[in-house]
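# Analysis of the macromolecular model
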Amino acid sequence: MKSVLIANRGEIAVRIIRACRELGIRSIAVYSDADAEALHTRLADEAYRLGPAPSSESYLRTDRILDVARESGAEGIHPGYGFMAERAEFAKAVVDAGLVFIGPSPATIDMMGDKTRARTRMEAAGVPIVPGTTTPLADAAEAEAVAESMGYPVLLKAAAGGGGKGMRVAEDASRIRPSFEAAAREAKSAFGDGSIYIEKYLSRPRHIEIQVLGDLHGGVVHLGERECSIQRRHQKLVEEAPSVVLDPETRAAMGEAAVRAAQAVEYAGAGTIEFLWQDGDFFFLEMNTRIQVEHPVTELVTGIDLVEWQLRVARGEALPWTQEGIRIEGHAIECRITSEDPDDGFLPSTGTIRYLELPQGPGVRWDGGVAAGTEVGLHYDPLLGKVIAWGADRATAIERMDRALREFVLVGVEHCGPFHRRVLAEEDFRAGNLSIRYLEEHPELTRAPENGDALQRLAAAAAVLLEDERRRTLAPPRIRPGAGGAPRSAWQEAFAPGASEY
Ligand code: ADP
């Protein structure tokens, strides 16, 4: 496999382009009209326009993506996360077109995409699941009967669910019917499938997940856990590896359960088994059959490049490690930087990034999808990039992350960086006293501080003035279309006029 089309955008597309380049694989980007000047469009060896569909839908066009693959001579397609990554029909269309899908088989995606089927399969493989049903409920009356026998509170969940959609808590009997109906309605409109099942609602669990890697020869290893308990509306914001709460026995038991889970579905590539942990017990939540946003923390503590191994596995290489050969060293934390204003209820913010100064120095990594000049609109996920910090221990990683976030300056859109610094300073976070209720229990962290970040705002204003001054001395960028209909950016032209490599 010498060429890979990346059917995605933003930071994950950039991440994949980097891995391709290091392996000597030609990277082929696709872009929506809104992304004509995006970082992934500029960094890839080649870039193709997806066409006139609304920008939010361009990346969902299987037909167009396969056309580009044919036109560009791509041998493989990497779906990243989101968009096409967990659509079994897309994976199947890729395979049917004679291309390599960089991910598990369509059958595995299909099986794990349905939560009730996944629960059934996991239970059979001896993986503990959250107590509840493993088949969809017929109606609200059945939901009521099951909840009555399980005891409240319960959680009603969409079998086809994802992104926290189609999920409702019922605290007591009076809430079960309205919750069932609301969940079914939301699931029907979001996934075209209103099937609902029921789980025990855990009161104060932690979200702990295990990274697995499988190859096409039956090899599977796990790469330890990530704790992702700090969530807002079921969206992860801070992730770390390892988790402070696991003792060596529980860690080993979770790892073994995750490997059994992956083996049960003949898993190939990078995948994640998500668990809820409470009072020493852990329960299977779901499997994500793709690379995850938070994969860098695992990379930093294991030294294994997960995207590189996705590509190697897809090329047919066998994993070179035994389980004993995987070593976890130090501690890593990731803060997701989104274009959401933490001082205004995480309201999405839009605009042009006018100035960007990235954190650097020992133990710090930035995985980003934006640059100065990038337009941030409302078409896409608000994730701009991720700051990841490694330290020999957790306390060092926290100090490094705080130092990195102080260095980070992004002007033009609001972002959640200041929120992360508040979390890093908070006592329960420092003590590792976490649960998925963390932000509900610490509402002050999602509110603007009394004086605001006066100094930071002043620095930002100065940065804008500086950038304006710099722009006055530069000629405006020009865009010229390149060969094969792939426009080359002004940046590419400046550095390698006429060449496809730079
Ligand atoms: P989705 O696929 O929509 O993201 P998940 O099943 O992964 O849904 O659950 C998302 C989040 O919802 C979890 O990370 C956790 O915070 C919460 N959650 C899910 N199931 C339960 C449960 N049974 N009890 C308590 N919280 C839960």
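Residue positions are given per chain, counted from 1 along the sequence in the order it is written. Note on the predicted model: pLDDT of at least 70 is required for a residue's local features to be given, and 80 or more for side-chain atom pairs to be given and counted; whole-chain, interface and lining totals, by contrast, use all residues. Calculation of side-chain values draws on the structure's entire complement of heavy atoms; hydrogens and water are dropped beforehand.

The subject of this paragraph is the site of the ligand. In the vicinity of the ligand there are 21 residues, among which K115, G164, K200, Q231 and E286 approach most closely. Two N or O atoms count as a polar contact when they lie within 3.5 Å, although within protein this holds only if one can serve as hydrogen donor and the other as acceptor, and sequence-adjacent residues are included solely when both atoms are side-chain atoms. Taking G164, its main chain carries an N or O atom lying 2.6 Å from an oxygen atom of the ligand. Here E274 contributes a side-chain N or O atom positioned 3.5 Å from an oxygen atom of the ligand. To measure how exposed things are, a 1.4 Å probe is used in the Shrake-Rupley method; for residues, cover is taken only from the protein chains shown. Coverage of the ligand by the protein chains reaches 95% of its 550 Å² of free accessible surface. Counting only elements with at least two residues in the shell around the ligand, the list comes to β6 (154-158), β8 (196-200), β12 (269-278) and β13 (281-288). For the domains described, the bounds stem from an automatic or database domain assignment. Residue-level mapping places the shell around the ligand at the junction of two domains, with at least three residues from each of domain 2 (131-200) and domain 3 (202-329). Nearness here has a simple test: a residue counts as near a molecule or strand if at least one of its heavy atoms is within 4 Å of that partner. Helical segments are the DSSP runs of H or I of at least four residues, strand segments are the runs of E of at least two, and each set is numbered from the N terminus.

On any regular strand, side chains alternate: one points to one face of the sheet, the next to the other face. Only protein chains enter the accessibility calculation, which uses a 1.4 Å probe; a residue is then buried when its area is under 20% of its type maximum, exposed when over 50%, and partly exposed in between. In terms of burial, β6 is largely enclosed, as five of its five residues are buried. The alternating pattern of β6 places V154, L156 and A158 on one face and L155 and K157 on the opposite face, and all of these are buried. Bridge count for β6 against β8 is five bridges, and the pairing is antiparallel. Paired with L155 across the bridge in β8 is E199. If DSSP finds at least two bridges between two strands, the strands pair.

Attention shifts here to the environment of R447. Its location among the elements puts R447 in the loop between α16 (438-441) and α17 (454-472). Separated by 101 residues in sequence, R447 and F346 have C-alpha atoms that sit 9.3 Å apart.

Every α-helical turn comprises 3.6 residues, leaving residues that sit three or four positions apart pointing alike. Those residues of helix α7 (residues 115-124) that sit buried are K115, T116, A118, R119 and M122. Here the buried residues of α7 occupy an arc of 160° about the axis, which is enough to place them on one side. Contacts are assigned to residue pairs with any non-hydrogen atoms lying within 4.5 Å of each other. Against the buried residues of α7 lie α6 (106-113), β6, β8, α10 (248-264) and β13. G126 sits one or two positions beyond α7 and adopts a positive phi of about 80°. The arc refers to the directions leading from the helix axis to the C-beta atoms.

So, on to empty space enclosed by the protein. Whether a set of points on the 1 Å grid over the protein atoms alone is a cavity depends on a 1.4 Å probe fitting there but being unable to get out, while an open set qualifies as a pocket with protein on both sides within 12 Å along at least five of seven lines; lining residues are those with an atom within 4 Å of a point. Grid points are joined across faces, edges and corners, and a volume is the space filled by probe spheres set on the points. All chains considered together, the criterion is met by two cavities of 30 Å³ or more. Each pocket or cavity is described by its volume, and for the largest cavity that value is around 60 Å³. Taken together, 16 residues line the largest cavity, and the ones lying closest to its centre are I102, G103, T289, R290 and Q310. Taken together, the residues that form the lining of the largest cavity break down as nine nonpolar, six polar and one charged. Amino acid classes used here: Ala, Val, Leu, Ile, Met, Phe, Trp, Tyr, Cys and Pro are nonpolar; Asp, Glu, Lys and Arg are charged; the rest, including Gly, are polar.

Let us now look at the packing of aromatic side chains. For any pair of aromatic rings, geometry is given as the distance between the ring centres together with the angle between the planes. Stacked, tilted and edge-to-face are the three classes applied to pairs of Phe, Tyr and Trp rings, where Trp contributes its six-membered ring and a pair requires centres within 6.5 Å; stacked means planes under 30 degrees apart, edge-to-face means over 60, and tilted covers the rest. Tallied over the entire structure, the rule returns eight aromatic pairs. Measuring from centroid to centroid gives 5.7 Å for Y59 and Y380, while their planes differ by 75°, and the two rings are edge-to-face. Linking Y59 in the loop between α3 (55-58) and α4 (62-72) with Y380 in the loop between β20 (375-376) and β21 (383-391), this pair joins segments that are 321 residues apart in sequence. You'll find Y59 and Y380 in the same group, each marked buried. Their ring planes at 40° and their centres at 5.3 Å tell us that W366 and F408 sit as a pair that is tilted. Here F408 lies in the loop between α13 (394-407) and β22 (409-411) and W366 lies in strand β19 (residues 364-368), a separation of 42 residues in the sequence. Its relative accessible area of 14% is what places W366 among the buried residues. Residue classification places F408 among the buried residues on the basis of a relative accessible area of 2%. Three or more aromatic residues link up through ring pairs in this structure, and these residues are Y59, F83 and Y380. Comment: the charge-over-ring label is applied if NZ (Lys) or CZ (Arg) is within 6 Å of the ring centre and within 35 degrees of the ring normal. Across from the ring centre of W309, 5.5 Å away, lies the NZ or CZ of R312, which sits over that ring. For R394, the ring lying beneath its charged end belongs to F429, and the centroid distance is 4.7 Å.

The next subject is the nonpolar core. Where a protein is soluble and globular, its nonpolar side chains tend to be buried together. Grouped together as the largest cluster of nonpolar side chains are 60 residues, with contacts concentrated most on V4, L5, I65, I77, F90, L213 and L311. The dominant element in this core, judged by the number of residues it contributes, is helix α1 (residues 10-22), at seven residues. V238, M401, F408 and F429 belong to the second-largest nonpolar core, a separate cluster that totals 33 residues. Put simply, a nonpolar core is a bunch of buried Ala, Val, Leu, Ile, Met, Phe, Trp, Tyr and Cys residues held in one set by side-chain atoms that sit within 4.5 Å of each other.

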